[in-house]
Amino acid sequence: MSNERIALVTGSNRGIGLEVTKQLSDRGVKVILSGRNQEKLQEVKAAWTGKVAPLDTIELDITKANDRARAAQKIAEQYGRLDILVNNAGVIVEGEWAQNNSETVSQDDLQTTFDINLFAQIGLTQELLPLLKRSKAGRIVNVSSILGSLAVNADVESGWSAVKPFAYNASKAALNMFTVSLSQSLADTNIKVNSAHPGWVKTDLGTSAAPMEVTDGASTVVDLALIDSDGPSGQFVHLGEEQPW
Ligand code: NDP
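What counts and what doesn't
- Residues numbered from 1 in each chain as written.
- Predicted model: local features only at pLDDT ≥ 70, side-chain atom pairs only at ≥ 80, totals over all residues.
- Heavy atoms only, no water.
- Near = heavy atom within 4 Å.
- Polar contact = N/O pair within 3.5 Å; in protein donor to acceptor, adjacent residues only side chain to side chain.
- Areas by Shrake-Rupley, 256 points an atom, 1.4 Å probe, with all protein chains shown as cover.
- Helix = DSSP H or I, 4+ residues; strand = E, 2+ residues; numbered from the N terminus.
- Nonpolar A, V, L, I, M, F, W, Y, C, P; charged D, E, K, R; others polar.
- Core = buried A, V, L, I, M, F, W, Y, C linked by side-chain atoms within 4.5 Å.
- Buried < 20%, exposed > 50% of the residue type's maximum accessible area, 1.4 Å probe, protein only.
- Contact = heavy atoms within 4.5 Å.
- Salt bridge = Lys/Arg side-chain N within 4 Å of Asp/Glu carboxyl O.

Draft legend 1. Fine view of the site of the ligand. Around the ligand sit 29 residues in total, of which R14, R36, Y168, V201 and T203 are the nearest. In this structure, I16 approaches the ligand through a main-chain N or O atom, which is 2.8 Å from an oxygen atom. Look at the ligand: alone it shows 900 Å² of surface, and the protein chains cover 96% of it. Listing elements by their share of the shell around the ligand, those giving two or more residues are α1 (15-26) and α6 (166-185). In terms of residue class, the shell around the ligand is made up of twelve nonpolar, eleven polar and six charged.

Written out as structure tokens, the structure reads:
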């Protein structure tokens, strides 16, 4: 088994996912670009500015079970293992910021948000676990948000409102539960599982009002993807600081 690390980043065509792939590649990691649109991935590959060229591109809509299975099969056949999985792809559905609180949220918005931000993350992770178990140092980073912290939301003085966007906040709280649960069931393996809060970052999702540049926003995710064997598992982290669940 070679010492080179192989990573899969979901939603690596833009935003935080794209920046994470570049920073991982600058740290010597071979990254498999993935996203819903193969054309966009080829554009990213052609305009690549990271140090190590992307290893591959995989068309992967994380909500599609067939795509998840195909991705796992391709990685198994071509590389035999996976060292790093960054569950980055995520959404806030249209109108969530402005409208959706727990009194008004629609079943459709809840379904769409949970399909992408939770069910697909669990499905993809389960599909790739056998490959991560073949790594000497498997790392799973669930890209969460401080908006998913129950402790922060419950503190009305915290400045983070529990009211909106409800579906998004609830999906990230549930994703955090996945991190805690999976880290415990994998405690006897080489795999570490952590949740990252990137910060409020200027992307399509974060909007131009966000204070953080995407280069800084990616750093928490990259650090967790590269933690040493004595690093944490089952933590929620922002810029090296543990966050409350
Ligand atoms: P962007 O909107 O810029 O990017 C979202 C990415 O997710 C895109 O690549 C998009 O692909 C992809 N995606 C969405 N749905 C799917 C799907 N079904 N299958 C595959 N890919 C999909 O958002 P950010 O970069 O800001 O967000 C990345 C992560 O960071 C998210 O999980 C988000 O919740 C989290 N986060 C962001 C914060 C911020 O301030 N920006 C704050 C805290 C957390 P496509 O181009 O095809 O739509």
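Draft legend 2. Structural context of the nonpolar core. Judged by nonpolar contacts, the single largest core of 29 residues is most densely connected at L8, L82, L85, L128, L132 and I140. At the level of secondary structure, the elements contributing two or more residues to this core comprise β1 (6-9), α3 (65-79), α4 (107-132) and α6. Top element by residues in this core is α4. It accounts for nine residues. With sequence-adjacent residues up to four places away left out, L128 is seen in contact with L8, A72, I75, L82 and L85. Membership of the second largest hydrophobic core comes to 21 residues, among which are L24, V143, A218 and L226.

Draft legend 3. Here's a closer look at the side chain of S12. Here S12 shows up in the loop between β1 and α1. When its relative accessible area of 0% is taken as the criterion, S12 is described as buried. Among the polar contacts made by the side chain of S12, one reaches the main-chain carbonyl oxygen of V9 at a distance of 3.4 Å. Of note is the side chain of S12, whose polar atom sits 2.7 Å from the backbone nitrogen of S34. Beyond its immediate stretch of four places on either side in the chain, S12 contacts G17, L18, T21, L33, S34 and L41.

Draft legend 4. Representation of the pattern of salt bridges. According to the stated counting rule, one finds six salt bridges in the structure shown. The salt bridge involving R14 is made with D204; its shortest N-O contact spans 2.7 Å. Here D204 lies in the loop between β6 (192-196) and α7 (214-225) and R14 lies in the loop between β1 and α1, a separation of 190 residues in the sequence. By relative accessible area, which is 44% here, R14 ends up partly exposed.

Draft legend 5. Here's a closer look at the environment of L24. Considering the arrangement of structural elements, one finds L24 in helix α1. A C-alpha to C-alpha distance of 20 Å links L24 and D230, two positions 206 residues apart in sequence. If we ignore the near neighbours within four places in the chain, the residues touching L24 are A7, V9, V29, V31, V222, A225 and L226.

Draft legend 6. Representation of the side chain of N142 within the structure. Examined against the element boundaries, N142 turns out to sit in strand β5 (residues 139-143). You can call N142 buried: its relative accessible area is 0%. The residues touching N142, leaving out its near neighbours within four places in the chain, are N87, L175, F178, T179, V193, N194, S195 and A196.

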